[in-house]
Amino acid sequence: MPYLALIAACSVAPDDTDAVVAASAPVPLAVVPLDDAALLRRLSLDLRGQLPTSEEHAALAGGELSLAEAAEAYLLDDAFESRFADLVAEQWLTRIDEFNVGASDFRLHESLDRSLVEDVGNEAPVFLAAVAAGDLPWTDAVLADWTMTTDLLESVWPVESIDGPASTLEGWHRGRYTDGRPRGGVVMTNGLWWRYWSAPNNYNRTRAAAIGRLLLCDDWLTRPIHVDPAQALDVSSLEDAVSTQTTCVGCHDTLDPVAASLFGFWWFDLYDPLEMRSYHAEREQLGEHYFDARQAWFGKAMEGPVDLGPRIAADPRFMRCTVERMAHALWRRETTDADFTTITALEADFAAGQYRMRPLLRALTQTPEYRAGGWAEGATVDTAVRTRRVMQPSQLAAAVEALTGYRWRQEGYDQLSNDEIGFRVLAGGVDGLGVAIADESPSVSRALVVQRLAQAASQYVAEQELGKPASERALFTLVAEGDKPGSEGWLAQVELLHLRAWGVRPTATDLEEEVAFAEAVHAGAETEAEAWAAVLELLLRDPRFWTY
Amino acid sequence: MRFTRRGLLRAFPALVGAAALVPARLRADTAGERKFLFVFCPGGWDPAWAIAPVFGSVAAMPEGATSATANGIEYVNDRMSPAVGTFFQDWGTRACLLHGIESRSVAHDVCLRLILTGSNLPGSDDWPLTLAALSGESRVMPYVNLSGPTYAGPAVSSLVRVGENGQLAALLDGSALANAELPQRLPRAERSALTDALLALRLERLAAEAGAGRAAEIAASASLSESRRADLVSVADQLDLAGGVSLSERAGVGLECLQRGLSRVAMVEYIGFLGLTWDTHGAQVNQAGNFEELFTELSLILTDLKARPGTTGGTLADEVTVVVMSEMGRFPRLNSRGGKEHWTYTSALLVGAGVRGGQSIGGYHPETYRGVGVNLADGGEGDVALNPSHLGATLLALGGHDPAEYIPDAEPILAALEDA
């Protein structure tokens with residue numbers, strides 16, 4: 001972790017700082033950057049979760065659009081907010097399929113169960129996305145006195161709508177809790193703590209550890225345990241041991257005072273909707289009683305939970321961690337010590353942009369790690385460098401929908417964002433619990449998901465569009481009724497499909513194969529739409545569509 | 001090779017006909033390769049409540065329970081969980097308990113990763129997936145995960161997740177499309193065969209032309225995954241991947257995959273009696289209910305194994321090792337709520353093929369409840385503190401692989417191996 005390198009840097013005399021930085025300067029990557037068209041596609045998929053339009057491809061090729069302009073446009077695109085929420089959710093793991101209580105616990109119809117699960121799981125990522133999309137300083141992530149809410153959440157939680165910038169996310173708007181909880185941005189949201197709840201004898205330590213991991217990139221839980229059982233068993237309980245054993249104190253001295261600040265979220269019954277829905281201001285001091293220790297942030301006393309957000313915001317690890325997490329999101333890999341200098345430079349960019357998210361993302365997309373498309377001849381290949389990335393389920397769903405208008409839903413569930421009846425994990429995504437890291441390579445189940453999605457979407461768009469006049473179509477705009485495979489109109493349409501789906505024009509071999517393929521399909525097809533659906537299915541199942 | 005019209009039309013009947021044949025990889029010679037069924041108990045079981053009798057130690061034990069021995073295995077004889085004794089009486093000669101494995105943490109997520117991969121680093125393949133990947137490319141779904149945690153890194157193309165409610169079956173039979181809000185029908189078989197054929201050709205070409213690095217990795221993996229997908233579709237109607245409710249029924253689905261040679265490894269999760277979980281901070285008594293049902297179901301699984309023909313003339317029981325494990329153990333003493341907290345030491349149970357049964361290896365120190373050191377060769381007391389890597393190395397050795405190639409920091413527990 002770069003954080004280790006930071007610690008190393010902190011431990012040397014100030015005069016030696018330059019030497020430390022020089023010593024940790026990265027060896028330049030021997031990578032070949034993506035070509036412009038492929039980079040346009042990567043930027044579009046990463047920053048707004050969708051494929052570039054054919055007009056954007058044409059403008060880039062014609063010199064009317066630069067990559068910098070495209071990146072800027074994508075950062076300002078309406079879809080940016082949704083995409084940012086997806087990136088956050090993949091790391092914060094809040095989009096799980098079940099919480100301790102459901103809609104019926106709030107006397108709502110059980111048909112609202114899924115919607116409630118989605119809204120609860122989305123509160124934290126959508127809030128953080130609103131901070132990013134609103135160009136607010138990232139300190140607001142832990143300082144804001146507002147959250148993002150939906151009508152459904154307002155019907156079960158003590159939260160009310162307030163005026164604020166409109167969200168691009170359907171159904172979401174600004175809100176504010178009315179139960180007296182202090183301001184604190186994401187660390188004062190129900191959504192976060194419904195996901196990271198605490199068992200009775202854990203006393204919020206799990207939650208404090210989540211703060212360390214998510215906001216500081218410092219995970220108490222990954223530190224090795226060195227319990228001396230002889231001592232632990234001598235004290236009246238394990239609870240006492242953590243404050244008396246030298247082997248425990250090293251972690252608990254900092255962990256427990258943070259945990260103590262979270263007792264406004266303490267539930268006496270883990271499955272009681274009334275307990276869970278509200279903040280309990282009267283319990284704020286309860287942790288100090290349990291721990292026999294003051295609330296504090298790494299040695300700095302806190303008056304109460306009201307200080308938690310400000311302490312996090314003032315901790316230099318917070319911004320550093322934000323940079324590392326966003327680098328992870330866009331580089332599609334963990335950052336390491338080798339990234340120390342790059343992360344430091346990005347942190348400077350982040351600061352120069354007043355800690356707004358867009359400048360950080362802009363800077364990240366300009367790094368060689370981000371733009372890597374291949375390896376220079378003779379270079380030592382490092383497969384950890386993601387010269388090619390695999391679309392995550394949310395990208396796959398959005399890209400296919402943007403292309404075909406088809407969204408895979410069943411019984412109110414988005415089938416690529418749940419694992420109860422859907423296929424999120426099978427498609428390589430995370431479920432937030434059993435699978436916490438997305439697959440970065442193809443798999444059998446992913447191939448099946450892609451196959452079925454491609455079949456459904458292709459059939460849907462072909463049948464929807466091909467009976468209409470060309471002027472009313474979105475995808476099959478160049479083909480006319482009766483155009484046979486290999487005809488001028490047919491070839492123009494296939495070229496367009498390639499450009500939209502793969503970001504490149506077809507090669508002569510591609511076309512030759514597809515003409516033969518379409519003729520063979522056409523021979524047995526009942527409709528022209530079926531033959532076109534087959535061609536589009538073929539393109540969508542090809543890695544040149546679902547990688548970037 | 002190009003996909004020309006003339007070539008395609010000539011090949012068309014063969015392409016379509018090929019879909020009806022048994023996939024080549026199903027005919028591949030994998031007979032004799034040891035297979036694995038993992039039963040995972042998430043939440044942290046308490047070995048002291050059933051399989052690690054530490055009476056007279058610091059550990060709180062079930063009230064009224066005693067120590068008993070069957071077929072050389074000492075267990076906790078508790079009236080609340082008689083199935084434990086029955087199991088060791090019936091299957092103890094084939095069972096080996098490993099005690100005192102230190103998972104180095106008391107956090108569920110961290111312990112899960114450690115016990116299944118031996119490492120806290122992201123991107124590692126877990127033991128089931130490693131074993132499956134070592135089976136080569138000869139199986140359709142080398143590791144079929146029916147439920148339970150997975151850690152997948154480079155070998156993810158060998159992993160097939162079925163989904164918590166058997167969703168893979170809905171993808172295979174196409175009902176996933178028919179039941180969608182915008183329902184779609186599956187393409188005609190002839191069209192699908194043509195599409196699959198051209199896609200396979202292009203994937204092979206991409207893999208050949210991809211050069212080095214990630215692009216090559218993805219292309220090769222995509223080609224292999226697509227090939228396996230096609231094979232899986234061709235045998236899907238012979239499988240009921242969504243079938244079964246109880247642990248033994250779900251495990252039976254996994255055994256079916258092992259028996260047919262589709263898989264080398266299967267995993268099924270057991271979340272406890274009535275789903276009450278193993279994480280018994282507030283109700284230690286639930287451990288008894290969980291162990292009772294677990295061992296009842298394990299007996300059914302082993303009976304099932306004996307009833308299934310193997311690939312080498314005997315029964316599947318001769319070829320499959322059953323691995324039962326949990327990510328952590330539980331603190332020796334009861335807390336104020338009548339439950340037990342997490343503990344960094346745990347146990348695992350190996351039963352079946354390749355296992356030197358009738359023994360318990362390792363143990364818990366009566367005063368500290370730490371794992372006692374083990375002599376890896378004979379299973380007696382020694383100076384090796386067991387950790388998850390020893391478990392992983394043992395599993396690899398059971399699978400016929402050299403653990404040193406994959407786990408440099410730990411040797412296998414040879415005493416647990418029948419052939420050692």
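This one's a predicted model, so the numbers in the text were calculated from it and none came from an experiment.

**Examining the state of the cysteines**
In step 1: Summed over all chains, the structure comprises one disulfide over all chains.
In step 2: No disulfide involves Cys248(A); its nearest neighbouring cysteine sulfur is the one of Cys251(A), lying 8.5 Å away.

**Some points on the packing of helix α3 (residues 36-48) of chain A against helix α4 (residues 54-61) of chain A**
Residues and elements named next belong to chain A.
In step 1: Remark: α3 packs on α4, axes separated minimally by 10 Å, with the N-to-C direction vectors making an angle of 140°. Taken together, α3 and α4 sit at an angle that is classed as oblique. Of the two possible hands of crossing, α3 and α4 adopt the one that is right-handed. Residues Asp36, Ala37, Leu40 and Arg48 of α3 form the contact with α4, whose participating residues are Glu56, His57 and Leu60.

**Digging into the domain arrangement of chain B**
All names here are of chain B.
In step 1: Domain assignment breaks chain B into domain 1 (35-166 + 243-416) and domain 2 (169-240).
In step 2: The C-alpha-based centres of domain 1 and domain 2 are spaced at 34 Å.
In step 3: Each partner contributes to the interface: domain 1 provides 15 residues, whereas domain 2 provides 12 residues.
In step 4: Among the residues of domain 1 in contact with domain 2, Val140, Ser157 and Arg260 are the three that bury the most area, contributing 43% of the side total.
In step 5: Applying the counting criterion to the domain 1 and domain 2 interface returns zero salt bridges.
In step 6: Where domain 1 packs against domain 2, one counts five residue pairs in polar contact (both at pLDDT 80 or more).

**Remarks on the domain arrangement of chain A**
Residues and elements named next belong to chain A.
In step 1: In terms of domain boundaries, chain A breaks down into domain 1 (2-9 + 34-77 + 315-375), domain 2 (80-195), domain 3 (220-305) and domain 4 (393-546).
In step 2: Contacts between the two partners involve 10 residues from domain 2, matched on the other side by 16 residues from domain 4.
In step 3: Counting the surface lost from both domain 2 and domain 4, the interface buries some 1000 Å², and carbon and sulfur atoms represent 48% of this.
In step 4: Three residues stand out in domain 2 for area buried against domain 4, namely Leu93, Asp97 and Arg114, and they jointly supply 47% of the buried area on that side.
In step 5: For the interface between domain 2 and domain 4, the tally reads one salt bridge.
In step 6: We note a salt bridge from aspartate 97 to arginine 424, for which the minimum N-O separation is 3.6 Å.
In step 7: Remark: the boundary between domain 2 and domain 4 carries six residue pairs in polar contact (both at pLDDT 80 or more).
In step 8: Of all the secondary structure elements, the ones that give two or more residues to the side of domain 2 that touches domain 4 are α6 (79-92) and α7 (113-133).

**Some thoughts on the environment of Leu121(B)**
All names here are of chain B.
In step 1: Within the secondary structure layout, leucine 121 lies in the loop between α3 (108-117) and α4 (127-133).
In step 2: On the accessibility criterion, leucine 121 (58% relative accessible area) is exposed.
In step 3: The sequence separation of leucine 121 and valine 110 amounts to 11 residues, and the corresponding C-alpha distance is 9.9 Å.

**A short note on the interface of chain B and chain A**
In step 1: The partner chain A presents 86 residues to the 84 residues of chain B that form the contact.
In step 2: Both faces combined, the contact of chain B with chain A buries some 7200 Å², and carbon together with sulfur accounts for 59% of it.
In step 3: Scanning the region where chain B abuts chain A turns up 10 salt bridges.
In step 4: Between Arg161(B) and Asp439(A) there is a salt bridge, with the nearest N and O atoms lying 3.1 Å from each other.
In step 5: Viewed at the interface, chain A and chain B are joined by 28 residue pairs in polar contact (both at pLDDT 80 or more).
In step 6: Of all the secondary structure elements, the ones that give two or more residues to the side of chain B that touches chain A are α1 (5-18), α3, β6 (159-161), α5 (167-173), α6 (175-178), α7 (189-209) and α8 (214-235) of chain B.
In step 7: Residues that form the side of chain B that touches chain A fall into these classes: 39 nonpolar, 21 polar and 24 charged.

**Side note on the packing of aromatic side chains**
In step 1: All chains considered together, the criterion is met by 37 aromatic pairs over all chains.
In step 2: For the ring pair Phe263(A) and Trp266(A), a centre distance of 4.8 Å and an interplane angle of 35° mean the geometry is tilted.
In step 3: For Phe263(A), a relative accessible area of 0% gives the class buried.
In step 4: When the ring of Phe263(A) is compared with that of Tyr290(A), the centres are 5.6 Å apart and the planes differ by 45°; the resulting orientation is tilted. Of this pair, Phe263(A) sits in the loop between α14 (246-259) and α15 (273-277) while Tyr290(A) sits in helix α16 (residues 286-291); the two residues are 27 residues apart in sequence, bridging distant segments of the chain.
In step 5: Members of the aromatic cluster, joined through ring pairs, are Trp45(B), Tyr75(B), Phe87(B), Phe88(B), Tyr270(B), Trp278(B), Phe291(B) and Phe295(B).
In step 6: The residue whose ring lies beneath Arg42(A) is Tyr370(A), and the NZ or CZ to ring-centre distance is 6.0 Å.

**A short note on the sheet that holds strand β1 (residues 35-40) of chain B**
Residue and element names in this part refer to chain B.
In step 1: Strand order across the open sheet formed by eight strands is β6-β5-β7-β1-β8-β11-β4-β12, with mixed pairing between neighbours. Lying at the two open borders of the sheet, with one neighbouring strand each, are β6 and β12 (359-361). Looking at each pair of strands side by side, their axes are set apart by 15° on average, direction ignored.
In step 2: Here β1 runs beside strand β8 (residues 320-325); their pairing, made up of six bridges, is parallel. Across the sheet, the residue bridging to valine 39 is valine 324, located in β8.
In step 3: Strands in contact with helix α9 (residues 247-259) are β1, β5 (143-145), β7 (265-269) and β8; relative to β7, the strand with the most contacts, it is inclined by about 170°.

**Details of the pattern of salt bridges**
In step 1: Summed over the entire model, instances satisfying the criterion amount to 54 salt bridges over all chains.
In step 2: When the shortest N-O distance is used, the salt bridge between Arg205(B) and Glu513(A) registers 2.3 Å. Highlighted residues: Arg205(B) in helix α7 and Glu513(A) in helix α25 (residues 508-524), drawn from two different chains.
In step 3: Glu513(A) sits in the buried class, given a relative accessible area of 1%.
In step 4: Notably, a salt bridge pairs Glu226(B) with Arg229(B), separated by 2.7 Å at the nearest N-O pair. Linking Glu226(B) with Arg229(B), this pair stays in helix α8, spanning three residues, or about one helical turn. The same class applies to Glu226(B) as to Arg229(B), namely buried.
In step 5: Three or more residues are tied together by salt bridges with common partners; here these are Glu537(A), Arg541(A), Arg191(B), Asp196(B), Glu226(B) and Arg229(B).

**Considerations on the sheet that holds strand β3 (residues 159-161) of chain A**
Residues and elements named next belong to chain A.
In step 1: The strand order β2-β4-β3 describes an open sheet built from three strands, whose pairing is antiparallel. Here the strands that pair on one side only, and so sit at the sheet edges, are β2 (147-149) and β3. Across the sheet, the axes of successive neighbouring strands diverge by a mean angle of 50°, strand direction being ignored.
In step 2: Bridge count for β2 against strand β4 (residues 173-177) is three bridges, and the pairing is antiparallel. Note on β4: the bridge partner recorded for threonine 147 is glycine 175.
In step 3: On the sheet, α7 packs against β2 and β4 and is oriented at approximately 120° with respect to β2.

**With respect to the packing of α9(B) against helix α10 (residues 285-307) of chain B**
When two helices pack together, their arrangement is captured by the angle between the axes and the distance separating the axes.
Residues and elements named next belong to chain B.
In step 1: At a minimum axis separation of 9 Å, α9 and α10 run at an interaxial angle of 30°. Taken together, the axis directions place α9 and α10 in an arrangement best described as roughly parallel. Pair α9 / α10 crosses with right-handed handedness. Mapping the contact onto sequence places Leu247, Ser248, Ala251, Gly252 and Leu255 in α9 and Leu294, Glu297, Leu300, Ile301, Asp304 and Leu305 in α10.
In step 2: Its residues assigned to classes, the contact of α9 with α10 shows seven nonpolar, two polar and two charged.

**Let's talk about unusual backbone geometry**
In step 1: The phi torsion at Asp292(A) lies on the positive side, around 55°, for a residue other than glycine.
In step 2: Overall, Asp292(A) belongs to the exposed group, its relative accessible area being 71%.

**Some remarks on the nonpolar core**
In step 1: Counting 122 residues, the largest nonpolar core has Phe545(A), Val39(B), Phe88(B), Leu294(B) and Phe295(B) as its most contacted members.
In step 2: Of the residues forming this core, the biggest block, 11 residues, is contributed by helix α23 (residues 444-465) of chain A.
In step 3: Among all residues touching Leu294(B), those that are not within four sequence positions of it are Val39(B), Cys41(B), Trp45(B), Leu247(B), Tyr270(B), Trp278(B) and Val324(B).
In step 4: If you look at the next biggest cluster of nonpolar residues, it comprises 104 residues, including Leu47(A), Val117(A), Trp193(A) and Met302(A).

About the criteria used
Residues numbered from 1 in each chain as written. Chains lettered and ligands numbered in written order. Predicted model: local features only at pLDDT ≥ 70, side-chain atom pairs only at ≥ 80, totals over all residues. Heavy atoms only, no water. Disulfide = S-S within 2.5 Å. Axes fitted to C-alpha atoms, helices over the stretch in contact; angles between N-to-C directions. Helix = DSSP H or I, 4+ residues; strand = E, 2+ residues; numbered from the N terminus. Parallel < 35°, antiparallel > 145°, perpendicular 65-115°, else oblique. Left-handed = near helix turned anticlockwise from the far one by under 90°. Contact = heavy atoms within 4.5 Å. Domains from an automatic or database assignment. Buried area = accessible area lost by both parts, 1.4 Å probe. Salt bridge = Lys/Arg side-chain N within 4 Å of Asp/Glu carboxyl O. Polar contact = N/O pair within 3.5 Å; in protein donor to acceptor, adjacent residues only side chain to side chain. Buried < 20%, exposed > 50% of the residue type's maximum accessible area, 1.4 Å probe, protein only. Nonpolar A, V, L, I, M, F, W, Y, C, P; charged D, E, K, R; others polar. Phe/Tyr/Trp six-rings, centres within 6.5 Å; stacked < 30°, edge-to-face > 60°. Lys NZ or Arg CZ within 6 Å of the ring centre and 35° of its normal. Pairing = 2+ DSSP bridges. Core = buried A, V, L, I, M, F, W, Y, C linked by side-chain atoms within 4.5 Å.

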